[in-house]
Amino acid sequence: MIREFITYEWFTLLCITSLLFVTAAKYLFGLRFNDFLLVLGNSKYLKIYSKEQKFIDAFDGLLFANFTIGLSIFIHISYSHLVSPITFDILSFLKLLFAVSALFLIKVLIERLISSLFEIDAIIDSYVFQKTTFKNFSGLVLLIANLILLFGLNVSNIAICVVIIVFLLINSIGFITSFKNYQKLILANFFYFLLYLCALEIGPYIILYKAIKDYLA
């Protein structure tokens, strides 16, 4: 059974906006974008561009914008099909988009603040870069998935679950990659690593879950 979205044109505009961000990243940083597309099977991108990263990076910024829009759209679609149909409201959606964006940005700022306090800037900068890279890559997957889910003839719960699994798998690969790179350091400070996981990896997603519940309530 096909479910109709009343304000379907907003999804079209949002997807076009995401495509413009990705296109701009491809146009302005062609070589880097091509290397970025191979990040899952090749560590070349991480090795080269982690050394060239800046506090404010235009390439990552463009792809991060695509990621936040794509994730917000996917949250709306998933809830509407897996839980209960909901009417799209642009103001409510913008609040969700703001919550998603703010969560990840604040999380990065806190991680950089901690790195400065403990004088481990090089390690944290590399770690944040790796996580951001895989999140941005999953943003490309979400863009394609959203286009298929929105404009496909039929949206199944299985298709949505497959997208969720792929999304989690990509970001898990990023986390495992970082863990392998700093395995000795983590094992030597395992207690602090557990505190970090609870405070900055698990905690923010609990906050995001509550924000999503408020948005969809």
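Structure: above.
Presented here is an overview of the structure given in this document. Since this is a predicted model, take the numbers as computed values, not measurements.

1. Observations regarding the overall build of the chain
Then step 1. Each helix and strand counted, the chain has 9 helices and 0 strands in total.
Then step 2. Secondary structure elements of the chain occur, N-terminal to C-terminal, as α-α-α-α-α-α-α-α-α.
Then step 3. Within the chain, buried positions represent 44% of all 217 residues.
Then step 4. Intrachain contacts of the chain at a sequence separation of at least 6 include 81% that bridge at least 24 residues.

2. Focus on the packing of aromatic side chains
Then step 1. This structure, assessed with the given rule, holds 13 aromatic pairs.
Then step 2. Seen from their ring centres, Phe67 and Phe104 are 5.3 Å apart, and the 75° between their planes marks the pair as edge-to-face. Taken together, the residues Phe67 in helix 4 (residues 58-82) and Phe104 in helix 5 (residues 90-117) connect sequence positions 37 residues apart.
Then step 3. The buried category is assigned to Phe104, whose relative accessible area is 6%.

3. Regarding helix 4
Then step 1. Compared with the 36 Å implied by 1.5 Å per residue over 25 residues, the 36 Å span of helix 4 between its first and last C-alpha is a close match.
Then step 2. Within helix 4, 21 of the 25 residues are buried, which leaves it mostly tucked inside the rest of the structure.
Then step 3. One side-chain oxygen at the N-terminal end of helix 4 lies 3.0 Å from the backbone nitrogen of Phe59; it belongs to Asp57.

4. Considerations on the side chain of Ser78
Then step 1. You can see Ser78 is positioned in helix 4.
Then step 2. Apart from the residues lying within four places of it in its own chain, the contact partners of Ser78 are Val83 and Ile160.

5. As for the pattern of salt bridges
Working definition: two side chains of opposite charge can pair if their charged atoms are close together.
Then step 1. Counted under the stated rule, the structure contains 3 salt bridges.
Then step 2. Between Asp60 and Arg32 there is a salt bridge whose closest N-O contact spans 3.6 Å. With Asp60 in helix 4 and Arg32 in helix 2 (residues 30-36), this pair connects stretches of sequence that are 28 residues apart. With respect to class, Asp60 is no different from Arg32; both count as buried.

6. Notes on the environment of Leu97
Then step 1. Along the chain, Leu97 turns up in helix 5.
Then step 2. Given a relative accessible area of 15%, Leu97 falls into the buried group.
Then step 3. Separated by 29 residues in the primary sequence, Leu97 and Thr68 have C-alpha atoms spaced 6.6 Å apart.
Then step 4. Not counting the four nearest positions on each side in its chain, Leu97 is found in contact with Thr68, Ile69 and Ser72.

7. Observations concerning the nonpolar core
Then step 1. Core analysis: the largest hydrophobic core is formed by 26 residues, its most contacted members being Phe67, Leu71, Ile73 and Leu142.
Then step 2. Contributions of two or more residues to this core are made by helix 1 (8-28), helix 4, helix 5, helix 6 (121-151) and helix 7 (157-181).
Then step 3. Examining the composition of this core, we find that 8 residues originate from one element, helix 4, more than from any other.
Then step 4. Residues contacting Ile73, with those up to four places away along its chain left out, are Phe11, Leu14, Cys15, Phe93, Asn146 and Leu150.
Then step 5. Val22, Phe59, Phe137 and Ile170 belong to the second-largest nonpolar core, a separate cluster that totals 17 residues.

8. Topic: the environment of Leu37
Then step 1. Along the polypeptide, Leu37 turns up in the loop between helix 2 and helix 3 (44-49).
Then step 2. Residue Leu37 is classed as partly exposed on the basis of its relative accessible area of 39%.
Then step 3. If sequence neighbours within four positions are ignored, Leu37 has contacts with Phe137 and Leu140.

Parameters at a glance
- Residues numbered from 1 in each chain as written.
- Predicted model: local features only at pLDDT ≥ 70, side-chain atom pairs only at ≥ 80, totals over all residues.
- Heavy atoms only, no water.
- Helix = DSSP H or I, 4+ residues; strand = E, 2+ residues; numbered from the N terminus.
- Buried < 20%, exposed > 50% of the residue type's maximum accessible area, 1.4 Å probe, protein only.
- Contact = heavy atoms within 4.5 Å.
- Phe/Tyr/Trp six-rings, centres within 6.5 Å; stacked < 30°, edge-to-face > 60°.
- Expected span 1.5 Å × (residues − 1).
- Polar contact = N/O pair within 3.5 Å; in protein donor to acceptor, adjacent residues only side chain to side chain.
- Salt bridge = Lys/Arg side-chain N within 4 Å of Asp/Glu carboxyl O.
- Core = buried A, V, L, I, M, F, W, Y, C linked by side-chain atoms within 4.5 Å.

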